[in-house]
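Single-letter residue listing:
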Amino acid sequence: MRRLLTFLIFLVAIGVYFPLCQGMWKSREQSRANTPTGYMIPSKFSRILALGNQGLLSDFLFLKIATHVGTKVGMEQPFGEGDWRFVASGLNVVTDLDPYFVDPYFLAEGLLAWDAGQPELANQLLAKGTNYRRNDWRLPFFIGFNNFYFLKDYETASGFIMAASQLPGSPDYLKTLGARLAYYGGKSKTALLFLQEMLAETDDPLLRQRLAKRLRALELAVMIEEAIGKFRARENRPPKSMDELLSSGYLHALPLDPYGGDWIMSKDGRVFSSSRFADAPPSK
Amino acid sequence: MKSVLALATITFKEGIRNRSLFGIALLSLFLFGLNISVAGFFMRDIGKVTVDMNLSALTLAGLLLVFFVGINLIAKDIDRKTIHLVLSKPISRAQYICGKYLGIQFFVTISLLLLLLLSCLTVGLLFKLYPAYFIGFSWLIFFEACLFVLIKFWVLTAVVVFFSSVTTSSLITLIFSLGSYIAGVTIEEVVFYLKTELAAQEKIISESLRTFIDVVSYVLPNFSVFDFTLEAAHGLVVTSDRLLLSLGYAIVYIVIMLSAAAYIFSRREFH
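Residues numbered from 1 in each chain as written. Chains lettered and ligands numbered in written order. Predicted model: local features only at pLDDT ≥ 70, side-chain atom pairs only at ≥ 80, totals over all residues.

This part takes up the overall build of chain A. Tallying secondary structure elements over chain A gives 12 helices and two strands in all. Partitioning the intrachain contacts of chain A with sequence separation of at least 6 by distance along the chain shows that 52% fall at a separation of at least 24. (Helix = DSSP H or I, 4+ residues; strand = E, 2+ residues; numbered from the N terminus. Contact = placed C-beta atoms within 7 Å.)

A count of helices and strands for chain B gives 11 helices and zero strands. Ordered by position from the N terminus, the helices and strands of chain B form the series α-α-α-α-α-α-α-α-α-α-α. Taken over the C-alpha trace, chain B has a radius of gyration of 20 Å; the compact-globule value for 271 residues is 18 Å, and the two agree within 12%. The principal-axis extents of the C-alpha atoms in chain B amount to approximately 60 × 50 × 30 Å. Looking at chain B as a whole, 41% of its 271 residues qualify as buried. For chain B, long-range pairs separated by at least 24 residues make up 85% of all intrachain contacts whose partners lie at least 6 apart in sequence. (Rg over C-alpha atoms; globule rule 2.2 N^0.38 Å. Buried ≥ 20, exposed ≤ 12 C-beta atoms within 10 Å, placed from the backbone.)

Looking now at the nonpolar core. Residue and element names in this part refer to chain B. With 133 residues, the main nonpolar core has Ala158, Val161 and Leu258 as its most contacted residues. The biggest single contributor to this core is helix H6 (residues 139–166), with 16 residues. When near neighbours in sequence (up to four residues on either side) are disregarded, Leu258 contacts Ile97, Cys98, Tyr101, Ala158 and Val161. (Core = buried A, V, L, I, M, F, W, Y, C linked by C-beta atoms within 7 Å.)

Counting residues at the interface gives 23 residues for chain B and 18 residues for chain A. Mapped onto the side of chain B that touches chain A, the elements with two or more residues apiece are helix H3 (46–79), helix H7 (170–195) and helix H10 (229–234) of chain B. Here the side of chain B that touches chain A takes six residues from H7 of chain B, the largest share from any one element. Class assignment of the residues belonging to the side of chain B that touches chain A gives a composition of 12 nonpolar, five polar and six charged. (Nonpolar A, V, L, I, M, F, W, Y, C, P; charged D, E, K, R; others polar.)

On to helix H11 (residues 205–235) of chain A. Residues and elements named next belong to chain A. The end-to-end C-alpha distance of H11 is 45 Å, a good match for the 45 Å that 31 residues give at a rise of 1.5 Å each. Here H11 has its buried residues at Leu211, Arg214, Ala217, Leu218, Ala221, Ile224, Ala227, Ile228 and Phe231. Among the residues trailing H11, Asn236 stands out with phi positive, at a value near 60 degrees. (Expected span 1.5 Å × (residues − 1).)

Here the focus is the packing of helix H5 (residues 103–115) of chain A against helix H6 (residues 119–132) of chain A. All names here are of chain A. Here H5 crosses H6 at 170 degrees, and the two axes come no closer than 8 Å. With respect to H6, the element H5 is oriented roughly antiparallel. Packed against H5, whose contacting residues are Tyr105, Ala108, Glu109, Leu112 and Ala113, the element H6 presents Pro119, Leu121, Ala122, Leu125, Leu126 and Gly129 at the interface. Of the residues contributing to the contact of H5 with H6, the split by class is nine nonpolar, one polar and one charged. (Axes fitted to C-alpha atoms, helices over the stretch in contact; angles between N-to-C directions. Parallel < 35°, antiparallel > 145°, perpendicular 65-115°, else oblique.)

Before going further, it helps to examine the confidence of the model for chain B. All names here are of chain B. Looking at chain B, pLDDT values average 86 and 97% of them are 70 or higher. When mean pLDDT is taken per element in chain B, H6 scores highest with 93 and helix H8 (residues 197–201) scores lowest with 69. Interface predicted TM-score (ipTM) for the complex: 0.73; the corresponding pTM is 0.74. (pLDDT = per-residue confidence, 0-100.)

Attention shifts here to the domain arrangement of chain A. Interface size is commonly expressed as the accessible surface area that is lost when the partners come together. All names here are of chain A. Each assigned domain of chain A is listed with its residue range as follows: domain 1 (39–134), domain 2 (137–203) and domain 3 (216–273). Counting residues at the interface gives five residues for domain 2 and seven residues for domain 3. Its residues assigned to classes, the side of domain 2 that touches domain 3 comprises three nonpolar, one polar and one charged. (Domains from an automatic or database assignment.)

Turning to the environment of Thr59 of chain B, a few remarks are in order. Turning to its location among the elements, Thr59 of chain B is positioned in helix H3. Separated by 47 residues in the primary sequence, Thr59 of chain B and Phe12 of chain B place their C-alpha atoms 20 Å from one another.

Turning to unusual backbone geometry, a few remarks are in order. Residue and element names in this part refer to chain A. If you check the backbone angles, Lys152 has positive phi at about 55 degrees while not being a glycine. Looking at the secondary structure, you find Lys152 in the loop between helix H7 (138–149) and helix H8 (154–165). Among the residues examined, Lys152 registers 10 C-beta atoms within 10 Å and is labelled exposed. The backbone phi angle of Asn236 is positive, close to 60 degrees, even though this residue is not glycine. Note that Asn236 resides in the loop between H11 and helix H12 (242–247).

Compared with an ideal rise of 1.5 Å per residue, which puts 26 residues at 38 Å, H7 of chain B spans 37 Å between its outermost C-alpha atoms and is within 8% of the ideal. Taking the largest bend as the criterion, H7 of chain B deviates by roughly 45 degrees, centred on Thr186 of chain B. All of the buried residues in H7 of chain B are Thr173, Leu174, Ser177, Ser180, Tyr181, Gly184, Val185, Thr186, Ile187 and Glu189 of chain B. Lining the buried residues of H7 of chain B we find helix H2 (43–49) of chain A together with H3, H6 and helix H9 (207–219) of chain B. (Bend = angle between axes of the 7 residues up to and from the residue.)

It is worth spelling out the confidence of the model for chain A at this point. In this model, chain A carries an average pLDDT of 80, and 89% of its residues clear a pLDDT of 70 or more. Summarising per-element confidence for chain A, the mean pLDDT is lowest in helix H9 (residues 173–184) of chain A (66) and highest in H6 of chain A (90).

The next point concerns the packing of helix H3 (residues 54–74) of chain A against H3 of chain B. In the contact formed by H3 of chain A and H3 of chain B, the axes pass within 8 Å of each other and the chain directions differ by 125 degrees. Here H3 of chain A is positioned oblique relative to H3 of chain B, judged by the angle of their axes. As for the relative orientation of H3 of chain A and H3 of chain B, their crossing is left-handed in sense. Along its contact with H3 of chain A, which presents Gly55, Leu56 and Asp59 of chain A, the element H3 of chain B presents Val49, Asp52, Met53 and Ser56 of chain B. Taken together, the residues of the contact of H3 of chain A with H3 of chain B break down into three nonpolar, two polar and two charged. (Left-handed = near helix turned anticlockwise from the far one by under 90°.)

This is how it looks when you write it as structure tokens:
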């Protein structure tokens, strides 16, 4: 009798436990989504709290940041200022705990420079990395890219690209790219070369998708620029408008900007898009 | 010497018979398995994550071995009064302390070496799965790091033996040793923080506190000396003088702890 009673109690408890458990996970999911982003303990404390496992803590915190970003992207929630602060301070702590860890630098480049629109912040982190990963050409390459692409500081960019080209394993064309940058600054074709390399260096599917889209847009801009170049060479003047370029036969049809903008031609023959090659203005 | 070795062998056998050993082995197996499944979550530095997780798993297993099995191996004799039987034999108290220490050290070493074998299988498997992400990895540096995890526990065992000779209860020994371990792994951060300019601006940190930390940094073992995880994780070469200094520090610290333990233990009275 007593055994039966114990068994019954056990069954009831199990019966209550499962729905309760489901409710608990659902409530956790909601409360996690509603609570403002977590606080990142500064590295001077977390180094001590890690009790000698700084490496492991850096792995864990990195996963936490990646999960936070992944959840937001998955639920299509917009990123707020607090999110970016969390990501930036988190990546700072992770690289304080293990400054040789390469993943946070890639994440900083992918998120802070591209999505948060804070290339300066990404550059700060990457600069920290270059002090430790001295033979890694990708970190100065990223700093150079950010200076070129986002900050439009071609001289600094050229310096970093030249520095990256001196490091072992760097692709051969970096040397010419550095020199090109110094001379031509922001030509679309330079950006194209840069983006191709960024795409080759990126594993993150989300960033790859974005880079590929931008690459496509840039390829089209380069195509139009080349047609303008041909027009100039033959006619000794730039075309007055896109229509003139089309009607003269140098370009068969105006390609569609993947970002949905209209092509604009500057006086020096550069081609831009009214979309500025962005889906939406970056949320800061 | 013969009696010391005999006592060490008995202590080792007693340790190996302990059932909690299976639990610790299972936990380590779980951590190694976790490593294999988690490695794929990372983008590039899978080698680093693998080394971090393996060395931390070995450290956790070592801590459990020393704190849950090692402490009992010494305390049992006093708790069960079998110490009278042992000390009635022609064996000095200093020899008793040495024998017990060697026995626990041998037990921890053998157990950790077995776990290291499993750890190597995990690392080898992940190395095979993701060869492109193990670029800086070097087995030599990994083994160096593992060796110093082991040496760290030799030092911790000496601390445990010291506190066992002072206190009368295994719980107090556990609390003191655990406290020493936690302080020992963090002391370096505190010492270097106090040297920074940031700390110089803090008014709360008085001169006496600095002196206290200074004294503590000599009394407690600095366990960060034995931590080569960063080097193993990124394949950074460890200079031989750093290795020798760490080894020398460990040996001298162990000798000091054991001789102090032997002195206190020889003056102790058992009722």
